[in-house]
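Fold and contact review
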Amino acid sequence: MKEYLSCAKAVNTHGVAGLIKMESWCDTPKVLTGLKTLYTEKNGVYTPYSVERSSVHKGMVLCKLKGCDTFEDAILFKNKIFYCKREDLKIGDDKVFIEDMLGLSVINADSGKVYGILENVINNPANDIYEIRTEKGMAYMPAVKEFVVSVDTDKGIFVRPIEGMFDEI
């Protein structure tokens, strides 16, 4: 399992005092504001940045990193992906990090038929949507308990789709 998980993307600056406007990739933006250290990655090397303060503003996170004190400092982070250490995020036993699910086989819980590989999870206000790469292209499935039976990071994602959902496969 990966030690570092992607958790946000810097989308812009905010003001002139070094604030970075971030799109949170956590369950909620509030989760991101609880992190004390964020990391950037380059060529497999993770560089830590201490978080001085952060808050949620209009669904985004405004983050002040130590040493990032001006607009010029903050603009250097624009479009960068931020990571956190897995151990810094606390999740329930019944939850799984999205990054641990990517690449897993999507399997019919009853028949064992493999539909494809989970390529992406699209965050949608109503519910997440699984983007599944099949032999014939991409298929999409709502990630809801009515369809998703279980997720086992060693074996795959077991689903019970409605009739017709994967007919073209």
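Turning to the sheet that holds strand E12 (residues 156-159), a few remarks are in order. Hydrogen bonds along the backbone pair up the strands of a sheet, which may run parallel or antiparallel. On the basis of which strands lie adjacent, the open sheet formed by six strands has the order E10-E9-E8-E7-E12-E11 and mixed pairing. Two strands in the sheet have a free side with no partner beyond their single neighbour: strand E10 (137-142) and strand E11 (148-152). Taken over all neighbouring pairs, the strand axes of this sheet differ in orientation by 35° on average, direction set aside. Two elements, strand E9 (residues 129-134) and E10, share six bridges in a ladder whose sense is antiparallel. By the bridge assignment, Arg133 is partnered in E10 with Met138.

A word on the pairing of strand E3 (residues 37-42). Note: E3 against strand E4 (residues 45-57), six bridges, orientation antiparallel. Residue pairing in the sheet places Thr40 in a bridge with Thr47 of E4. Once E3 ends, the chain turns through two residues before running back antiparallel as E4, passing Asn43 with a positive phi of about 55°.

Counted according to the given criterion, the structure contains five aromatic pairs. On the basis of an interplanar angle of 85° and a centroid distance of 5.4 Å, the ring pair of Tyr46 and Tyr83 is categorised as edge-to-face. On the criterion of sequence distance, the pair formed by Tyr46 in strand E4 and Tyr83 in strand E6 (residues 81-85) is long-range, its members being 37 residues apart. In this structure Tyr46 comes out as partly exposed when scored by relative accessible area, which is 28%.

This part takes up the confidence of the model for the protein chain. Per-residue confidence for the protein chain gives a mean pLDDT of 92, with 98% of residues at or over 70. The weakest mean pLDDT in the protein chain belongs to helix H3 (residues 98-101) at 90; the strongest belongs to E3 at 98.

Procedures and definitions
Residues numbered from 1 in each chain as written. Predicted model: local features only at pLDDT ≥ 70, side-chain atom pairs only at ≥ 80, totals over all residues. Heavy atoms only, no water. Pairing = 2+ DSSP bridges. Helix = DSSP H or I, 4+ residues; strand = E, 2+ residues; numbered from the N terminus. Axes fitted to C-alpha atoms, helices over the stretch in contact; angles between N-to-C directions. Phe/Tyr/Trp six-rings, centres within 6.5 Å; stacked < 30°, edge-to-face > 60°. Buried < 20%, exposed > 50% of the residue type's maximum accessible area, 1.4 Å probe, protein only. pLDDT = per-residue confidence, 0-100.

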